[in-house]
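Chain by chain, the residues:
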Amino acid sequence: MAIESMDGRDEETPLVVDTLGSETPKNRTRDVHILSCAFLLVFLAYGAAQNLETTVNAEGNLGTVSLGILYVSFAFFSLFASLVVRVLGSKNAVVLGTTGYWLYIAANLKPTWYTMIPVSLYMGFAASIIWVGEGTYLTSIARSYAKYTNLHEGTVIGNFNGEFWAMFALHQFVGNLITLAVLQNGGEGSTSNTTLLFIVFLCSMTLGTILMCFLRKIEDKEEKVSADSSVSFCSAVVSRLKLVINPLLDIRMLLIIPLIAYSGLQQAFVWADYTKDVVNPILGEAGVGGAMAVYGAFDAICSLVAGRLTSDLKSITLIVCGGAFFQAVIFLWLLLKYSAASGVLGIVYPLLMAALLGIGDGVLNTQLSALLALLFKHDTEGAFAQLKVWQSSAIAVVFFLSPAITLHTMVVIMLAAIFVSLVSFLFLTLKVEKAFS
């Protein structure tokens, strides 16, 4: 079972705390709406740009390498992200985190090794704090809402995560429709159209950042790390590292890590391999936008439905197994049967794959967030840090491997990952179900 650092708990309070006082359920649901819409505006730009990286910046594998470096940086800084979120507060962390995404899109206006690589490194830091901040903020207001309204905490967490991830998943739909419209207007591959696309994305990100400023700041009593603090910065770093490492001493986290890693692998497979090797040869760069719009639409719908159906470990288990099944069908299809078709089927097949892959991603996003929030109530920041460390590490592996291995080899890796992650997760369900009692 979990080994808690009692000394650390005496000196500091968790990032996730119950909000107090004059707050009302309306205020909390308002914050969920704002957070969800702001992330939609930011990530519709980044998500669509990321889908195009391996095709638009294909020379010298600049796009693939820059994304690999980005996610290595993301994994490293996730170890320290909870400290930064503690210092800044979760609201300020998500606002600051948008700067990395803004600079990444701006760098694509002049994509060279001297612009993309440094920005990718910084964006890894920005991504780590925006996601730990988001997980902390959303879990905090969900718990507070459940306490205020006397509702079941698991149900509220599931509903809040369902709304957030449904809105977030729409970024693929909206962003890629914009890509499709801009790149098709005036000729695919046009430099001027690509520049216009990234300018539109910068405007969207700016609006998202402004919207985040309207989030209500969580009032808590956590201690801040400052120059005049009785706790030195080095001591604070050691304390935070203990909280990140502690979940690794918990058998429940060890059993969840394979599923977390698979969630990153399947996302990177879509971004790096599916778009490059399945969609682009048949539908072209503009078609990548259309296929990913379908992916995003099904991702969003599934996220909302899965969140509404989430209540306990049994429901999470059934939903996760269903999503894994849909993705396994696609991987088996690619491995055994699929070949590029002409005519209508050449368009339908990639879009059908996008739909089923989107369903699987929507399931994993909502269920992993709900599972960690329910299972690690007393160490939520450490649990979400683990989520991003292993997820981003898996994504980085795919981006670095993608130029060197074939599509079939990657598909075999994905099938093996599904098998290992499901066996581990089902073992968790059987052995640790009492944690949800």
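About the cut-offs
- Counting of residues starts from 1 at the beginning of each chain's written sequence and follows it residue by residue.
- A pLDDT threshold of at least 70 governs which residues receive local features in this predicted model, and a stricter bar of 80 or more applies before side-chain atom pairs are shown or counted, although totals over entire chains, interfaces and linings include all residues.
- Computation of side-chain values covers all heavy atoms of the structure but excludes hydrogens and water.
- We count a stretch as a helix when DSSP gives it H or I for four or more residues in a row; a strand needs E for two or more, and each element gets its number in order from the N terminus.
- Note on contacts: a residue pair qualifies if any of its non-hydrogen atoms lie within 4.5 Å across the two residues.
- Areas reported as accessible are Shrake-Rupley estimates using a 1.4 Å probe. Residue values count occlusion only from the protein chains shown.
- Under the convention used throughout, the expected extent of a helix is 1.5 Å for every residue step, that is, one less than its residue count.
- Throughout this description, buried means an accessible area under 20% of the type-specific maximum (1.4 Å probe, protein chains only), exposed means over 50%, and partly exposed covers the range between.
- For each structure, a 1 Å grid was placed over the protein atoms alone; sets of points admitting a 1.4 Å probe that cannot get out are labelled cavities, open sets with protein on both sides within 12 Å along at least five of seven lines are labelled pockets, and lining residues have an atom within 4 Å of a point.
- Grid points are joined across faces, edges and corners, and a volume is the space filled by probe spheres set on the points.
- Three classes are used, and their members are as follows: Ala, Val, Leu, Ile, Met, Phe, Trp, Tyr, Cys and Pro are nonpolar, Asp, Glu, Lys and Arg are charged, and the others, Gly among them, are polar.
- Axis lines are fitted through C-alpha atoms, for helices just across the contact stretch, and the angle between N-to-C directions can take any value from 0 to 180 degrees.
- Between 65 and 115 degrees an angle is taken as roughly perpendicular, under 35 as roughly parallel, over 145 as roughly antiparallel, and anywhere else as oblique.
- Definitions for this section: a left-handed crossing has its near helix turned counterclockwise from the far helix by less than a right angle. A right-handed crossing has that turn clockwise.
- We call a set of buried Ala, Val, Leu, Ile, Met, Phe, Trp, Tyr and Cys residues a nonpolar core when their side-chain atoms join them within 4.5 Å.

Engineer: Can you lay out the overall build of the protein chain for me, pointing to particular residues and giving the numbers?
Structural biologist: Along the backbone of the protein chain there are 13 helices and 0 strands. The secondary structure elements of the protein chain, listed N-terminal to C-terminal, are α-α-α-α-α-α-α-α-α-α-α-α-α. Across the protein chain, the fraction of contacts at a sequence separation of at least 24, relative to all contacts at a separation of at least 6, is 87%. Surface exposure of the protein chain reaches about 17,100 Å², of which carbon and sulfur atoms provide 69%.

Engineer: Could you give an account of the side chain of N108, naming the residues involved and the relevant values?
Structural biologist: Note that N108 resides in the loop between α4 (90–107) and α5 (113–149). Discounting residues that sit within four places of it in the chain, N108 has contacts with E53, N57, M116 and F198.

Engineer: Quick rundown of α4? Include the residues and the values.
Structural biologist: For α4, which comprises 18 residues, the first-to-last C-alpha distance of 27 Å matches the rise-based estimate of 26 Å (1.5 Å per residue) to within 8%. All of the buried residues along α4 are S90, K91, A93, V94, G97, T98, G100, Y101, Y104, I105 and A107.

Engineer: Which residues make up empty space enclosed by the protein, and what are the values?
Structural biologist: Tallied over the entire structure, the rule returns 3 cavities of 30 Å³ or more. When its volume is computed, the largest cavity comes out at roughly 350 Å³. If you go around the largest cavity, you meet 30 residues; those closest to its centre are W131, F168, Q267, W271 and K388. Among the secondary structure elements, those contributing two or more residues to the lining of the largest cavity are α2 (25–56), α3 (62–88), α5, α6 (153–184), α9 (251–309), α11 (343–375) and α12 (380–401). The class makeup of the residues in the lining of the largest cavity is 18 nonpolar, 9 polar and 3 charged. Volume-wise, the second largest cavity comes out at about 60 Å³. Forming the boundary of the second largest cavity are L259, Y262, V320, G323, A324, Q327, G360, V363, L364, I418, S421 and L422. Put simply, the parts of the chain that give the lining of the second largest cavity at least two residues each are α9, α10 (313–336), α11 and α13 (407–431). With 4 residues, α10 is the single largest residue contributor to the lining of the second largest cavity.

Engineer: Now, about the packing of α5 against α12: what can you tell me, with residues and values included?
Structural biologist: The description of two helices packed together rests on the angle between their axes and the distance between the axes. Contact geometry for α5 and α12: axes closest at 9 Å, N-to-C directions at 140°. With respect to α12, the axis of α5 lies oblique. Between α5 and α12 lies a crossing of right-handed hand. Contacts between α5 and α12 involve W131, V132, G135, T139 and R143 on the former and, on the latter, T380, F384, A385 and K388.

Engineer: Tell me about the nonpolar core, and name the residues and values.
Structural biologist: Residues Y46, Y101, W131 and Y274 are the most contacted members of the largest nonpolar core, which totals 117 residues. Per element, the largest residue contribution to this core is 23 residues, and it comes from α9. Leaving out residues up to four positions away in the same chain, Y101 has contacts with V42, F43, Y46, M123, A127, I130, W131 and M205. In terms of nonpolar packing, the next biggest core, distinct from the first, is built from 5 residues, V85, A93, I129 and V132 among them.

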